Structure formats: structure tokens, C-alpha cells
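Single-letter residue listing:
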Amino acid sequence: MKAKVTSRGQVSIPAEIRKRFNIEPESRVEWIVENNTIRIVPLPRDPVGAFRGRGSRKCSTERLTQERRSEREKEDEKARKN
């Protein structure tokens, strides 16, 4: 689908897309630039609620810290060999 940019830099989201992604007045979207591509991502009204229940019970910070320690040890070992 195509849309025209107004002189004020505004773009209308086509009705079909608004309905499919439940984008209503006052909804928020995020603009993401990746190289030469622009993505528009609708944001949930309640961002915290949208992620509720998706995490594991184990503290992910612990896991990430452990993974980073392991990576750092490998990097240090590689630097010692060079």
C-alpha cells in the first residue's frame, strides 16, 4: 500500500492496516530506521501489560550476567594467545 506525505510531514495509515492492527485515534506507533528501510510498529496501550507473563521465572539478569562473564573469559583467553 502507498500513502502520500502531506506538506506538514504527516502520513495517513490506510484503513485496512488500522483495522488489522487495531490502530485507533490516540494510538502510538514507533518508527524504526534500518539502513534504507523504515518500519512503523504499533505500540500496545499498556506496554507493561503486553509483556506480562512472557518472562521465565528465573531471573534473566542472572543468566545474562553469567553469559557475559563466559564471553569475557573467552575474549581474554583469545587476547592472551595473540
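This text follows the structure it describes.
Here the structure is a predicted model, which is why all the values come from computation and not from measurement. (Residues numbered from 1 in each chain as written. Predicted model: local features only at pLDDT ≥ 70, side-chain atom pairs only at ≥ 80, totals over all residues. Heavy atoms only, no water.)

Student: Please set out the pattern of salt bridges residue by residue, giving values where relevant.
Tutor: Scanning the entire structure with this criterion turns up four salt bridges. The shortest N-O distance in the salt bridge between Glu34 and Arg39 comes to 3.4 Å. Judged by its relative accessible area of 39%, Glu34 is partly exposed. Here Lys81 makes a salt bridge to Glu77, at a shortest N to O gap of 3.7 Å. Of this pair, Lys81 and Glu77 both sit in helix H3 (residues 60–81), four residues apart, which is roughly one turn of the helix. With relative accessibility at 65%, the residue Lys81 sits in the exposed group. Of the residues examined, Glu77 reaches a relative accessible area of 43% and is grouped as partly exposed. The network of salt bridges with common partners includes Arg68, Glu71 and Glu75. (Salt bridge = Lys/Arg side-chain N within 4 Å of Asp/Glu carboxyl O. Buried < 20%, exposed > 50% of the residue type's maximum accessible area, 1.4 Å probe, protein only. Helix = DSSP H or I, 4+ residues; strand = E, 2+ residues; numbered from the N terminus.)

Student: Describe the pairing of strand S2 (residues 37–43), listing the residues and the values that go with them.
Tutor: If a strand is regular, its side chains alternate between the two faces of the sheet. Relative to S2, strand S1 (residues 28–34) runs antiparallel, the two being bridged by seven bridges. Each bridged residue has a counterpart across the sheet, and for Trp31 the counterpart in S2 is Ile40. Following S1, the chain reverses through two residues before pairing antiparallel with S2; Asn35 in that reversal takes a positive phi of roughly 55°. (Pairing = 2+ DSSP bridges.)

Student: Run through the environment of Glu34, naming residues and quoting values.
Tutor: Positionally, Glu34 belongs in strand S1. At 3.4 Å, the side chain of Glu34 and the side chain of Arg39 are in polar contact. (Polar contact = N/O pair within 3.5 Å; in protein donor to acceptor, adjacent residues only side chain to side chain.)

Student: Please set out a nonpolar patch on the surface residue by residue, giving values where relevant.
Tutor: A cluster of nonpolar side chains, Val5, Val11, Trp31, Val33, Ile38 and Ile40, forms an exposed patch at the surface whose accessible area comes to about 610 Å². Mapped onto the nonpolar patch, the elements with two or more residues apiece are S1 and S2. Examined against the element boundaries, Ile40 turns out to sit in strand S2. (Patch = residues over 30% accessible without salt bridge, like charges linked within 9 Å, V, L, I, M, F, W, Y side chains within 5 Å. Areas by Shrake-Rupley, 256 points an atom, 1.4 Å probe, with all protein chains shown as cover.)

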